[in-house]
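# A structural walkthrough
Single-letter residue listing:
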Amino acid sequence: DAGVIQSPRHEVTEMGQEVTLRCKPISGHNSLFWYRQTMMRGLELLIYFNNNVPIDDSGMPEDRFSAKMPNASFSTLKIQPSEPRDSAVYFCASTRDLAPNQPQHFGDGTRLSIL
Amino acid sequence: AQKITQTQPGMFVQEKEAVTLDCTYDTSDQSYGLFWYKQPSSGEMIFLIYQGSYDEQNATEGRYSLNFQKARKSANLVISASQLGDSAMYFCAMREGSNDYKLSFGAGTTVTVRA
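Here goes a summary of the coordinates provided. (Residues numbered from 1 in each chain as written. Chains lettered and ligands numbered in written order. Predicted model: local features only at pLDDT ≥ 70, side-chain atom pairs only at ≥ 80, totals over all residues. Heavy atoms only, no water.)

## Considerations on the overall build of chain B
Within chain B, the regular secondary structure consists of 0 helices and 12 strands. When the helices and strands of chain B are placed in sequence order, the string is β-β-β-β-β-β-β-β-β-β-β-β. The globule rule puts the C-alpha radius of gyration for 115 residues at 13 Å, and the 14 Å found for chain B is close to it. Seen along its three principal axes, the alpha-carbon backbone of chain B occupies a region of about 45 × 25 × 20 Å. When burial is assessed residue by residue, chain B has 48% of its 115 residues classed as buried. For chain B, the proportion of contacts with a sequence separation of at least 24, taken over those separated by at least 6, is 54%. Surface summary for chain B: the accessible area is close to 5600 Å², and the carbon and sulfur share equals 46%. When the 10 basic and 12 acidic side-chain charges of chain B are each reduced to a single mean position, those positions are 2 Å apart. (Helix = DSSP H or I, 4+ residues; strand = E, 2+ residues; numbered from the N terminus. Rg over C-alpha atoms; globule rule 2.2 N^0.38 Å. Buried < 20%, exposed > 50% of the residue type's maximum accessible area, 1.4 Å probe, protein only. Contact = heavy atoms within 4.5 Å. Areas by Shrake-Rupley, 256 points an atom, 1.4 Å probe, with all protein chains shown as cover. Lys, Arg positive; Asp, Glu negative; His and termini not counted. Charge placed at Lys NZ, Arg CZ, Asp CG, Glu CD.)

Following this line, the structure appears as structure tokens:
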């Protein structure tokens, strides 16, 4: 089975530009998570969806960040306008169901650099 | 307060020896799950092992085992017969309650296996 697929793997752009990160969860998984990883703050949960509905977006840093999940097989994380402090690795993860022993399966991440 | 504490920022281990990575957690929930992930230098997050709060046996998965001490709120990962490919960052994470999908991650421990 295919794992969580993220694109692009790397993104370098200038500050002020719009950035869109994409994620395709594992087929049949009904929960999707967006994380950000930095050296200073470690792994932070930004937002998660259950059955395509945003459940908790308390980790979204500010209004410049938005996330959507229009259907069960696709999600986007958008930053507009981007700033150098947004540089990080962004991970998408998905999990199958409510069972507490279900791990989150991570994509390979998008390494974002804002110049 | 930190929910997951990993006190060892970095460790060295000789090939073929065992290594124990410490993880303590803080929760008032009776139902929770503990997960360990491996992040090699290539960046992906790989699920290793899970321990449920009601599990009476320590979890094992190949060369990975979890030393779960509920009263002490610790869930240490033991890697037996270390291999060079085990060199990576290791994260302990917790999911609290039975209806919350969120994972709280520790800061991680870097393991370097020496030949």
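And the narrative resumes.
## Points about the interface of chain A and chain B
Frequently, the measure chosen for interface size is the accessible area that the parts lose on association. Listed as interface residues are 22 residues of chain A and, on the opposing side, 17 residues of chain B. Our enumeration of links across chain A and chain B arrives at 1 salt bridge. Linking Asp 56 of chain A and Lys 102 of chain B is a salt bridge whose minimum nitrogen-to-oxygen distance equals 2.9 Å. (Salt bridge = Lys/Arg side-chain N within 4 Å of Asp/Glu carboxyl O.)

## Structural notes on the pattern of salt bridges
Residue and element names in this part refer to chain A. On inspection of all chains with the given rule, the structure shows 12 salt bridges over all chains. A salt bridge links Glu 62 to Arg 64; its shortest N-O distance comes to 2.9 Å. A salt bridge links Arg 85 to Glu 62; the nearest nitrogen and oxygen atoms lie 3.2 Å apart. With Arg 85 in the loop between strand S8 (74-79) and strand S9 (88-95) and Glu 62 in the loop between strand S6 (53-56) and strand S7 (65-71), the pair connects residues that are 23 residues apart, well separated along the chain. The structure contains a network of salt bridges with shared partners spanning Glu 62, Arg 64, Glu 83, Arg 85 and Asp 86.

## Regarding the state of the cysteines
Enumeration according to the criterion identifies 2 disulfides over all chains in this entry. Disulfide pairing places Cys 23 of chain A opposite Cys 92 of chain A at an S-S distance of 1.9 Å. Residues Cys 23 of chain A and Cys 92 of chain A are joined by a disulfide whose S-S torsion is about -70°; by sign, that bridge is left-handed. Of this pair, Cys 23 of chain A sits in strand S3 (residues 19-24) while Cys 92 of chain A sits in strand S9, placing them 69 residues apart in sequence. Here Cys 23 of chain B connects covalently by a disulfide to Cys 92 of chain B, the sulfurs 2.0 Å from one another. Judged by the torsion about the S-S bond (-65°), the Cys 23 of chain B/Cys 92 of chain B disulfide is left-handed. One end of the pair, Cys 23 of chain B, is in the loop between strand S3 (19-21) and strand S4 (24-25); the other, Cys 92 of chain B, is in strand S10 (residues 88-96), and 69 residues separate them in sequence. Each member of the pair, Cys 23 of chain B as well as Cys 92 of chain B, is classed as buried. (Disulfide = S-S within 2.5 Å.)

## Thoughts on the packing of aromatic side chains
All chains considered together, the criterion is met by 13 aromatic pairs over all chains. When the centroid spacing of 6.4 Å and the interplanar angle of 25° are considered together, the rings of Phe 33 of chain A and Tyr 35 of chain A count as stacked. Neither residue differs from the other here; Phe 33 of chain A and Tyr 35 of chain A are each classed as buried. Sitting above the plane of the Tyr 64 of chain B ring, Arg 63 of chain B keeps its charged end 5.9 Å from the centroid. (Phe/Tyr/Trp six-rings, centres within 6.5 Å; stacked < 30°, edge-to-face > 60°. Lys NZ or Arg CZ within 6 Å of the ring centre and 35° of its normal.)

## Some thoughts on the sheet that holds S7 of chain A
Note: strands within a sheet are paired through backbone hydrogen bonds, in either parallel or antiparallel orientation. Residues and elements named next belong to chain A. Spatially, 4 strands are ordered S1-S3-S8-S7 in an open sheet, and the strand pairing comes out antiparallel. The sheet is open, and its two edges are formed by strand S1 (5-7) and S7, each paired on a single side. Averaged over all pairs of adjacent strands, the angle between their axes in this sheet comes to 15°, without regard to strand direction. (Pairing = 2+ DSSP bridges. Axes fitted to C-alpha atoms, helices over the stretch in contact; angles between N-to-C directions.)

## Let's talk about the pairing of S7 of chain A
All names here are of chain A. In this structure, S7 lies alongside S8, joined through 5 bridges in antiparallel fashion. Along S8, the bridge assignment pairs Asn 71 with Phe 74. The loop that links S7 with its antiparallel partner S8 comprises 2 residues.

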